[in-house]
Amino acid sequence: MSDLAPVERRLSAALERISQQLERAPAKSAKPSVFGLGARAEAAPDPEQAATIASLREALEKERAANAQLSERVHQVKQRQETTIAQLERRLARLTEQLDLQSLEMLRLKRANSKLIDSNASLRDAQIEAFPDATLINRSISAELEALQAERRAEMAEMEEILAELKPLIAADAR
């Protein structure tokens, strides 16, 4: 993109030189007669002017070619940028989905741990009173099982995230 400024300056300068040369060139007289009768013979163009005009036309064509190349480069850069943006948007969506999943698993883990803490406290209190209730023991074991399952789901979500990050790397390495 920064290459455009010098090219634009060169193109403007070339166009300015062409317009100056055209202003300096004498205007061709119109032929006053029909079928060339009575028309004055045109003077041969000045070789110096013809060379200048030819060089200016050549410079103009070079600038047009350079401008076309730069336009193509800009188009290619724009396409790459759009592709990169689309890839980043897909990655952002995938990461957002993974974050949501991990947040959900983390919430489940916190709830299960909270239940486990409460049931263990109840079990401790019952033990102090010397008569643990079977339902308290059952509730405690259930809460512990639920906490372990929530922890496992959180670990699975983390593994899924790791695998999702590794898949593109493995695919790129296989190429």
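Position numbers for residues count from 1 along each chain, tracking the sequence in the order it is written. This being a predicted model, a pLDDT of at least 70 is required before a residue's local features are given, and a value of 80 or more before pairs of side-chain atoms are given or counted; all residues contribute to the totals for chains, interfaces and linings. Side-chain numbers here rest on the full set of heavy atoms in the structure, without hydrogens or water.

### What to know about the overall build of the chain
Phase 1: A run of DSSP states H or I qualifies as a helix once it reaches four residues; a run of E qualifies as a strand once it reaches two. Both are numbered from the N-terminal end. The helix and strand inventory of the chain stands at three helices and zero strands.
Phase 2: Relative accessible area decides the class of each residue, using a 1.4 Å probe on protein chains only: under 20% of the type maximum gives buried, over 50% gives exposed, and in between gives partly exposed. A burial count over the chain gives 14% of its 175 residues as buried.
Phase 3: Here, residues are in contact when the closest pair of their heavy atoms is within 4.5 Å. For the chain, restricting intrachain contacts to residue pairs at least 6 apart in sequence, the fraction spanning at least 24 positions comes to 80%.
Phase 4: Per-residue and other accessible areas were derived by the Shrake-Rupley procedure at a 1.4 Å probe size, with only the shown protein chains allowed to occlude residues. When the accessible surface of the chain is totalled, it reaches about 14400 Å², and 57% of it is carbon and sulfur.

### Focus on a nonpolar patch on the surface
Phase 1: Within the patch definition used here, like charges are joined within 9 Å and nonpolar side chains (Val, Leu, Ile, Met, Phe, Trp, Tyr) within 5 Å, considering only residues with over 30% relative accessible area and no salt bridge. Every case where a carboxyl oxygen of Asp or Glu lies within 4 Å of a side-chain nitrogen of Lys or Arg is listed as a salt bridge. On the surface, Met159, Ile162, Leu163, Leu166, Leu169 and Ile170 cluster together into a nonpolar patch covering about 560 Å² of accessible area.
Phase 2: In this fold, isoleucine 170 is placed in helix 3 (residues 134-174).
Phase 3: By relative accessible area, isoleucine 170 is classed as exposed at 57%.

### A closer look at helix 3
Phase 1: One fewer than the residue count of a helix, multiplied by 1.5 Å, yields its expected span. Between the first and last C-alpha of helix 3 there are 58 Å, a value that for 41 residues agrees with the 60 Å anticipated at 1.5 Å per step.
Phase 2: Where helix 3 bends most, the angle comes to about 25°, and this point is leucine 166, followed within four residues by the proline proline 168.
Phase 3: Contacts from the buried residues of helix 3 go to helix 2 (47-128). The angle separating two fitted axes, one through the seven residues that finish at a residue and one through the seven that start at it, defines the bend at that residue.

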